Amino acid sequence: MDTTKYQKYFSTDGFWSKLKKVAKSAGSKVIYTGLLLFYAVESPKTPLRAKVQIYGALGYLILPLDLVPDLLPVIGYVDDFSALGLALLAVAKNIDDDVKYKAKSKLRSLLGDEVMNSKDIIEIDGKLMAEKQKVGTEGVDLGK
């Protein structure tokens, strides 16, 4: 996915405006992934290359015209989640505990405490951990 064409659509105000409007209808998976990316892009630890990918995905999220219109219940956010998910996997090694803490705190304030036990949140955290482990073992000689 070419993210450069969506970067110009990203703005912090646009992100928060979109998130507040769609938090309940988009679901915890989309919102948590968007929050992880948002806080990663704000982190001084995140390299510029990763930030470019994140800006593209977040720009696509707030873009008013999507491949699949957000007005369609559930289905309308599939393309948004796909863009966010691809970006998240690409920058997973840059998602540290501080980023996760901020994302979860904001998610809790948007959707309530019960969302923290959601299988979607647990699944995303599991994928992040697996991706970090995969990146951490690349190039390691395991005695073969």
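Look a little higher up for the structure.
From a predicted model like this one, the values you see are computed outputs, not experimental measurements.

**Some details on the overall build of the chain**
At step 1: Looking only at helices and strands, the chain features seven helices and zero strands.
At step 2: Sequence-ordered secondary structure for the chain, helices as α and strands as β, is α-α-α-α-α-α-α.
At step 3: Here the chain, with 144 residues, has 47% of them falling under the buried criterion.
At step 4: Relative to all contacts within the chain whose residues are 6 or more apart in sequence, the contacts with residues 24 or more apart total 70%.
At step 5: Element-wise, carbon and sulfur atoms account for 58% of the exposed surface of the chain, whose accessible area totals about 8300 Å².

**Observations regarding the environment of Tyr60**
At step 1: Mapped onto the elements of the fold, Tyr60 is located in helix H4 (residues 48–62).
At step 2: For Tyr60, a relative accessible area of 4% translates into the label buried.
At step 3: In the structure, Tyr60 is positioned 50 residues away from Phe10 in sequence and 7.8 Å away in space, judged by C-alpha atoms.

**Describing the pattern of salt bridges**
At step 1: Taken as a whole and judged by the stated rule, the model has eight salt bridges.
At step 2: The residue Glu123 makes a salt bridge to Lys29 at a minimum N-O spacing of 3.2 Å. Of this pair, Glu123 sits in helix H7 (residues 119–137) while Lys29 sits in helix H3 (residues 28–42), and the two are 94 residues apart along the sequence.
At step 3: Exposure remark for Glu123: the relative accessible area of 31% places this residue in the partly exposed category.
At step 4: In this structure Lys29 comes out as partly exposed when scored by relative accessible area, which is 22%.
At step 5: Two residues, Glu123 and Lys127, come together in a salt bridge whose shortest N-O distance is 3.2 Å. Within this pair, Glu123 and its partner Lys127 are both found in helix H7, separated by four residues, close to a single helical turn.
At step 6: Judged by its relative accessible area of 46%, Lys127 is partly exposed.

**Details of helix H2 (residues 12–26)**
At step 1: At Lys20, H2 is deflected by roughly 40°, the largest bend along its length.
At step 2: What H2 keeps buried is the set Phe15, Trp16, Lys18, Leu19, Val22, Ala23 and Ala26.
At step 3: Once H2 ends, the next one or two residues include Gly27, with phi positive near 95°.

**Regarding the packing of H3 against H4**
At step 1: At a minimum axis separation of 10 Å, H3 and H4 run at an interaxial angle of 140°. With respect to each other, H3 and H4 are oriented oblique. Relative to H4, the crossing made by H3 is left-handed. In this structure, H3 uses Val30, Gly34, Leu37, Phe38, Ala40 and Val41 to contact H4, whose residues at the interface are Lys51, Ile54, Tyr55, Ala57, Leu58 and Leu61.
At step 2: Taken together, the residues that form the contact of H3 with H4 break down as 10 nonpolar, one polar and one charged.

Conventions we followed
Residues numbered from 1 in each chain as written. Predicted model: local features only at pLDDT ≥ 70, side-chain atom pairs only at ≥ 80, totals over all residues. Heavy atoms only, no water. Helix = DSSP H or I, 4+ residues; strand = E, 2+ residues; numbered from the N terminus. Buried < 20%, exposed > 50% of the residue type's maximum accessible area, 1.4 Å probe, protein only. Contact = heavy atoms within 4.5 Å. Areas by Shrake-Rupley, 256 points an atom, 1.4 Å probe, with all protein chains shown as cover. Salt bridge = Lys/Arg side-chain N within 4 Å of Asp/Glu carboxyl O. Bend = angle between axes of the 7 residues up to and from the residue. Axes fitted to C-alpha atoms, helices over the stretch in contact; angles between N-to-C directions. Parallel < 35°, antiparallel > 145°, perpendicular 65-115°, else oblique. Left-handed = near helix turned anticlockwise from the far one by under 90°. Nonpolar A, V, L, I, M, F, W, Y, C, P; charged D, E, K, R; others polar.

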